[in-house]
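Listed below, chain by chain, are the residues.
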Amino acid sequence: MLRTPKFESTQLVKTKNFILIGAMGAGKSTVGRRLAKRLRIQFYDSDKIMEERTGVNIPTVFEYEGESGFRAREEKIISDLCQLEDIVLATGGGAILSKNTRKKLSAAGTVFYLKASVGTLLNRTKNDANRPLLKTNNRRQVVSALLKKREPLYQEAANYIITTDRRTTNWTVNQIIKYVEQI
Ligand code: S3P
(Lines give C-alpha, C1' and ligand atoms only; values in the text may rest on other atoms or scores of the structure.)
Protein backbone atom coordinates (compact mmCIF):
# COMPACT_ATOMS: atom_id res chain seq x y z
CA MET A 1 0.00 0.00 0.00
CA LEU A 2 1.40 3.38 -0.94
CA ARG A 3 0.69 6.29 1.28
CA THR A 4 1.45 9.96 1.30
CA PRO A 5 4.06 10.53 3.96
CA LYS A 6 3.36 12.87 6.82
CA PHE A 7 6.70 14.59 6.22
CA GLU A 8 7.50 17.20 3.64
CA SER A 9 8.19 15.11 0.62
CA THR A 10 6.35 14.26 -2.54
CA GLN A 11 7.77 10.77 -2.51
CA LEU A 12 5.40 7.98 -1.54
CA VAL A 13 6.37 5.61 1.24
CA LYS A 14 5.55 1.98 1.76
CA THR A 15 4.23 1.06 5.19
CA LYS A 16 5.63 -2.12 6.57
CA ASN A 17 3.16 -3.31 9.15
CA PHE A 18 0.37 -5.78 8.50
CA ILE A 19 -2.68 -5.14 10.63
CA LEU A 20 -5.54 -7.61 10.93
CA ILE A 21 -8.99 -6.51 12.01
CA GLY A 22 -12.30 -8.37 12.12
CA ALA A 23 -14.79 -10.04 14.42
CA MET A 24 -14.15 -12.76 17.01
CA GLY A 25 -13.55 -15.97 15.11
CA ALA A 26 -12.52 -14.29 11.85
CA GLY A 27 -9.09 -15.93 12.14
CA LYS A 28 -6.93 -12.89 12.93
CA SER A 29 -4.62 -14.63 15.41
CA THR A 30 -4.18 -17.85 13.44
CA VAL A 31 -3.68 -16.04 10.14
CA GLY A 32 -1.45 -13.41 11.77
CA ARG A 33 0.86 -15.96 13.35
CA ARG A 34 1.22 -17.87 10.08
CA LEU A 35 1.69 -14.69 8.03
CA ALA A 36 4.44 -13.43 10.35
CA LYS A 37 6.22 -16.76 10.07
CA ARG A 38 6.07 -16.65 6.27
CA LEU A 39 7.33 -13.06 6.17
CA ARG A 40 9.87 -13.73 8.94
CA ILE A 41 8.70 -10.79 11.01
CA GLN A 42 7.35 -10.45 14.55
CA PHE A 43 3.75 -11.26 15.41
CA TYR A 44 1.77 -9.41 18.08
CA ASP A 45 -1.74 -10.07 19.31
CA SER A 46 -3.22 -7.18 21.33
CA ASP A 47 -5.18 -9.54 23.62
CA LYS A 48 -2.07 -11.60 24.37
CA ILE A 49 -0.12 -8.46 25.21
CA MET A 50 -2.91 -7.44 27.58
CA GLU A 51 -2.71 -10.82 29.29
CA GLU A 52 1.06 -10.44 29.61
CA ARG A 53 0.81 -6.91 30.97
CA THR A 54 -1.96 -7.61 33.48
CA GLY A 55 -0.95 -11.15 34.39
CA VAL A 56 -4.55 -12.32 34.05
CA ASN A 57 -6.74 -13.60 31.22
CA ILE A 58 -9.22 -11.48 29.24
CA PRO A 59 -12.34 -12.66 31.14
CA THR A 60 -10.67 -11.58 34.39
CA VAL A 61 -9.93 -8.10 32.99
CA PHE A 62 -13.64 -7.82 32.06
CA GLU A 63 -14.66 -9.11 35.48
CA TYR A 64 -12.59 -6.61 37.46
CA GLU A 65 -12.56 -3.59 35.18
CA GLY A 66 -15.62 -4.04 32.97
CA GLU A 67 -15.66 -3.57 29.22
CA SER A 68 -14.68 0.10 29.55
CA GLY A 69 -11.56 -0.81 31.52
CA PHE A 70 -10.72 -3.45 28.94
CA ARG A 71 -11.18 -0.93 26.09
CA ALA A 72 -8.93 1.64 27.77
CA ARG A 73 -6.18 -0.97 28.12
CA GLU A 74 -6.73 -2.15 24.55
CA GLU A 75 -6.40 1.38 23.17
CA LYS A 76 -3.13 1.95 25.03
CA ILE A 77 -1.65 -1.38 23.95
CA ILE A 78 -2.52 -0.83 20.30
CA SER A 79 -1.12 2.67 20.45
CA ASP A 80 2.15 1.24 21.80
CA LEU A 81 2.25 -1.53 19.19
CA CYS A 82 1.65 1.03 16.41
CA GLN A 83 5.07 2.48 17.24
CA LEU A 84 6.74 -0.70 16.03
CA GLU A 85 7.82 -1.50 12.48
CA ASP A 86 7.87 -4.68 10.46
CA ILE A 87 5.25 -6.49 12.45
CA VAL A 88 2.02 -8.37 11.96
CA LEU A 89 -0.59 -7.16 14.45
CA ALA A 90 -3.80 -9.02 15.25
CA THR A 91 -6.26 -6.74 17.03
CA GLY A 92 -9.21 -7.68 19.25
CA GLY A 93 -12.57 -7.72 17.48
CA GLY A 94 -13.77 -4.54 19.19
CA ALA A 95 -10.58 -2.50 18.86
CA ILE A 96 -11.97 -0.55 15.92
CA LEU A 97 -14.74 0.88 18.14
CA SER A 98 -12.24 3.55 19.12
CA LYS A 99 -11.85 6.31 16.56
CA ASN A 100 -8.42 7.02 17.92
CA THR A 101 -7.40 3.40 17.36
CA ARG A 102 -8.81 3.38 13.83
CA LYS A 103 -6.70 6.42 13.00
CA LYS A 104 -3.57 4.93 14.54
CA LEU A 105 -4.00 1.62 12.75
CA SER A 106 -4.42 3.32 9.37
CA ALA A 107 -1.30 5.38 9.93
CA ALA A 108 0.73 2.40 11.14
CA GLY A 109 0.30 -0.02 8.27
CA THR A 110 -1.83 -1.81 5.75
CA VAL A 111 -5.10 -2.88 7.33
CA PHE A 112 -6.72 -6.17 6.30
CA TYR A 113 -10.29 -6.84 7.33
CA LEU A 114 -10.85 -10.58 7.67
CA LYS A 115 -14.55 -10.80 7.02
CA ALA A 116 -16.78 -13.76 7.87
CA SER A 117 -20.49 -14.49 8.07
CA VAL A 118 -22.35 -14.83 11.38
CA GLY A 119 -22.60 -18.60 10.77
CA THR A 120 -18.84 -18.94 10.29
CA LEU A 121 -18.08 -16.80 13.35
CA LEU A 122 -20.44 -18.85 15.52
CA ASN A 123 -18.95 -22.07 14.31
CA ARG A 124 -15.37 -20.96 14.86
CA THR A 125 -16.03 -19.69 18.40
CA LYS A 126 -18.37 -22.43 19.58
CA ASN A 127 -15.99 -24.07 22.07
CA ASP A 128 -14.46 -20.88 23.33
CA ALA A 129 -14.65 -19.78 26.95
CA ASN A 130 -12.15 -16.94 26.71
CA ARG A 131 -14.45 -14.35 25.14
CA PRO A 132 -16.62 -12.65 27.77
CA LEU A 133 -18.98 -11.06 25.23
CA LEU A 134 -19.95 -14.53 24.03
CA LYS A 135 -20.95 -15.78 27.48
CA THR A 136 -24.62 -15.61 26.67
CA ASN A 137 -27.53 -17.92 25.92
CA ASN A 138 -28.16 -16.30 22.58
CA ARG A 139 -24.82 -16.18 20.86
CA ARG A 140 -26.32 -15.82 17.38
CA GLN A 141 -28.17 -12.68 18.40
CA VAL A 142 -25.12 -11.22 20.12
CA VAL A 143 -22.75 -11.96 17.22
CA SER A 144 -25.26 -10.55 14.69
CA ALA A 145 -25.73 -7.36 16.73
CA LEU A 146 -21.97 -6.86 17.20
CA LEU A 147 -21.36 -7.36 13.49
CA LYS A 148 -24.15 -5.01 12.48
CA LYS A 149 -22.73 -2.26 14.65
CA ARG A 150 -19.10 -2.87 13.74
CA GLU A 151 -19.25 -3.73 10.04
CA PRO A 152 -19.13 -0.07 8.90
CA LEU A 153 -16.15 0.53 11.19
CA TYR A 154 -14.26 -2.50 9.85
CA GLN A 155 -14.98 -1.28 6.33
CA GLU A 156 -13.88 2.24 7.16
CA ALA A 157 -10.58 1.10 8.66
CA ALA A 158 -9.71 -1.51 6.01
CA ASN A 159 -7.39 -1.13 3.06
CA TYR A 160 -8.30 -4.65 1.93
CA ILE A 161 -11.24 -6.90 2.72
CA ILE A 162 -10.75 -10.66 2.60
CA THR A 163 -13.75 -12.95 3.01
CA THR A 164 -12.59 -16.00 4.93
CA ASP A 165 -15.74 -18.17 4.93
CA ARG A 166 -14.83 -21.74 3.98
CA ARG A 167 -11.22 -20.65 3.43
CA THR A 168 -8.15 -22.18 5.02
CA THR A 169 -5.57 -20.23 6.98
CA ASN A 170 -3.05 -20.79 4.18
CA TRP A 171 -5.42 -19.44 1.56
CA THR A 172 -5.95 -16.24 3.54
CA VAL A 173 -2.23 -15.84 4.19
CA ASN A 174 -1.56 -16.28 0.46
CA GLN A 175 -4.16 -13.62 -0.37
CA ILE A 176 -2.44 -11.15 1.93
CA ILE A 177 0.96 -11.95 0.44
CA LYS A 178 -0.48 -11.50 -3.05
CA TYR A 179 -1.69 -8.03 -2.12
CA VAL A 180 1.68 -7.22 -0.68
CA GLU A 181 3.44 -8.30 -3.85
CA GLN A 182 1.30 -5.87 -5.85
CA ILE A 183 2.38 -2.97 -3.64
C1 S3P B 1 -13.64 -8.77 21.68
C2 S3P B 1 -12.86 -9.63 20.95
C3 S3P B 1 -11.81 -10.45 21.55
C4 S3P B 1 -11.27 -9.78 22.83
C5 S3P B 1 -12.38 -9.44 23.76
C6 S3P B 1 -13.44 -8.52 23.13
C7 S3P B 1 -14.71 -8.00 20.98
O8 S3P B 1 -10.74 -10.63 20.65
O9 S3P B 1 -10.56 -8.62 22.48
O10 S3P B 1 -12.97 -10.63 24.19
O11 S3P B 1 -15.16 -6.99 21.51
O12 S3P B 1 -15.08 -8.41 19.86
P13 S3P B 1 -10.81 -11.63 19.36
O14 S3P B 1 -11.47 -10.86 18.26
O15 S3P B 1 -9.39 -11.92 19.07
O16 S3P B 1 -11.58 -12.81 19.79
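A.B. asks: Any details on empty space enclosed by the protein? Residues and values, ideally.
C.D. replies: For the structure shown, the criterion picks out one cavity of 30 Å³ or more. Of the voids in this model, the largest cavity is the one considered here, and its volume is about 70 Å³. What lines the largest cavity is Ala 23, Met 24, Leu 121, Leu 134, Val 143, Leu 146, Leu 147, Arg 150 and Tyr 154. At five residues, helix H6 (residues 139–157) tops the list of elements feeding residues into the lining of the largest cavity.

A.B. asks: Kindly report on the packing of aromatic side chains, identifying the contributing residues and their values.
C.D. replies: Scanning the entire structure with this criterion turns up six aromatic pairs. Seen in terms of ring centroids, Phe 62 and Phe 70 are 4.7 Å apart; in terms of plane orientation they differ by 35 degrees. Their pairing is tilted. Considered together, Phe 62 and Phe 70 belong to a single accessibility category, that of buried residues. Judged by centre distance (5.4 Å) and plane angle (20 degrees), the rings of Phe 112 and Tyr 160 are stacked. Taken together, the residues span a long stretch of sequence, with Phe 112 in strand E6 (residues 109–115) and Tyr 160 in strand E7 (residues 160–163) at a distance of 48 residues. In this structure Tyr 160 comes out as buried when scored by relative accessible area, which is 17%. Through a chain of ring-to-ring contacts, the aromatic side chains of Phe 18, Phe 112, Tyr 160 and Tyr 179 assemble into a single cluster. For Arg 167, the ring lying beneath its charged end belongs to Trp 171, and the centroid distance is 3.8 Å.

A.B. asks: Kindly report on the environment of Ile 177, identifying the contributing residues and their values.
C.D. replies: Among the secondary structure elements, Ile 177 is positioned in helix H7 (residues 169–182). You can call Ile 177 buried: its relative accessible area is 12%. Note: C-alpha distance between Ile 177 and Ile 41 (136 residues apart in sequence) is 13 Å. Those residues in contact with Ile 177 that lie beyond four places of it in its chain are Leu 35, Arg 38 and Leu 39.

Reading the values: rules and limits
Residues numbered from 1 in each chain as written. Predicted model: local features only at pLDDT ≥ 70, side-chain atom pairs only at ≥ 80, totals over all residues. Heavy atoms only, no water. 1 Å grid on protein atoms, 1.4 Å probe; cavity = no way out; pocket = protein on both sides within 12 Å on 5 of 7 lines; lining within 4 Å. Points joined across faces, edges and corners; volume = space filled by probe spheres on them. Helix = DSSP H or I, 4+ residues; strand = E, 2+ residues; numbered from the N terminus. Phe/Tyr/Trp six-rings, centres within 6.5 Å; stacked < 30°, edge-to-face > 60°. Buried < 20%, exposed > 50% of the residue type's maximum accessible area, 1.4 Å probe, protein only. Lys NZ or Arg CZ within 6 Å of the ring centre and 35° of its normal. Contact = heavy atoms within 4.5 Å.

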